[in-house]
Amino acid sequence: VADADRQSVLQLARVLESAVPVEQASFTITDLSETGILMQTPILRQPLFGHLTIGAIADGAAYLTLVHDARMATEGEAAAFLATVRQNIEQANFLFV
C-alpha cells in the first residue's frame, strides 16, 4: 500500500478491501493476535523485502517479529521501524491519524 505509514487503520482497511495480489506486494503483515500466539518467525519470500508478524498483546506488550531483506534496510533501520510500530500499537496512536 503506497504511503501506508501515513494512513490510519481505517484508511488502510479501505485500500485493502481491493486486495493487491501478493506477487505485486513488497511488504506483508500477518496478524496472529486473535490466535493467542505470541510470536512466529515468518519466511521472507521474494520479491517481498519485509514481513511483519503481529502476535498477541499480553501484559501490555505487543509481540512483533520482523524479517527483512538486508539489501533493502540495515539492521538498525529495521529495529527502528519495529520499535515505532510497537510504540504505535501500544499507544493506539495509529487509530486516530
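Read on for a plain summary of the structure.

How each quantity is defined
Residues numbered from 1 in each chain as written. Predicted model: local features only at pLDDT ≥ 70, side-chain atom pairs only at ≥ 80, totals over all residues. Heavy atoms only, no water. Helix = DSSP H or I, 4+ residues; strand = E, 2+ residues; numbered from the N terminus. Contact = heavy atoms within 4.5 Å. Core = buried A, V, L, I, M, F, W, Y, C linked by side-chain atoms within 4.5 Å. Buried < 20%, exposed > 50% of the residue type's maximum accessible area, 1.4 Å probe, protein only. Pairing = 2+ DSSP bridges. Axes fitted to C-alpha atoms, helices over the stretch in contact; angles between N-to-C directions. Salt bridge = Lys/Arg side-chain N within 4 Å of Asp/Glu carboxyl O. Phe/Tyr/Trp six-rings, centres within 6.5 Å; stacked < 30°, edge-to-face > 60°.

1. Regarding the environment of Gln 46
- Position of Gln 46 among the secondary structure elements: in the loop between β1 (27–31) and β2 (50–58).
- Taking C-alpha positions, Gln 46 is 9.2 Å from Asp 69, a pair spaced 23 residues apart along the chain.
- Among residues more than four places away in sequence, those in contact with Gln 46 are Asp 69 and Arg 71.

2. With respect to the nonpolar core
- With eight residues, the main nonpolar core is built from Leu 52, Ile 54, Ala 62, Leu 64, Leu 66, Ala 78, Val 85 and Ile 89.
- At the level of elements, β2, β3 (61–68) and α2 (75–91) are the ones that each hand at least two residues to this core.
- Setting aside residues no more than four positions away along its own chain, Leu 66 makes contact with Phe 27, His 51, Leu 52, Ala 78, Phe 81 and Leu 82.

3. Some remarks on the sheet that holds β2
- Strand order in this open sheet of three strands is β1-β2-β3, and the pairing throughout is mixed. Strands at the two margins of the open sheet, each flanked by one partner only, are β1 and β3. For this sheet, the mean inter-axis angle between neighbouring strands, taken without regard to orientation, is 15 degrees.
- In this sheet, β3 lies alongside β2 in antiparallel orientation, the contact comprising seven bridges.

4. Quick notes on the pairing of β2
- The buried fraction of β2 amounts to seven of the nine residues, a majority that puts the element mostly inside the structure.
- Both β1 and β2 contribute to a ladder of five bridges, which runs parallel. When the sheet's bridge partners are listed, Phe 27 is paired in β2 with Gly 50.

5. Quick look at the pattern of salt bridges
- Evaluation of the coordinates by the stated rule reveals one salt bridge.
- Across the pair Arg 71 and Asp 69 runs a salt bridge, and its minimum N-O distance is 2.6 Å.
- Asp 69 gets classed as buried once you look at its relative accessible area, which sits at 10%.

6. Quick notes on the pairing of β3
- Counting buried residues along β3, six of its eight residues qualify, which places the element largely inside the surrounding structure.
- Joining the antiparallel neighbours β2 and β3 is a turn of two residues, in which Asp 59 adopts a positive phi near 55 degrees.

7. Some points on the packing of aromatic side chains
- Scanning all chains against the criterion turns up two aromatic pairs.
- A ring pair is formed by Phe 27 and Phe 49, whose centres lie 6.2 Å apart and whose planes are at 55 degrees; its orientation type is tilted. Of this pair, Phe 27 sits in strand β1 while Phe 49 sits in the loop between β1 and β2, and the two are 22 residues apart along the sequence.
- The exposure class assigned to Phe 49 is partly exposed, which follows from its relative accessible area of 32%.

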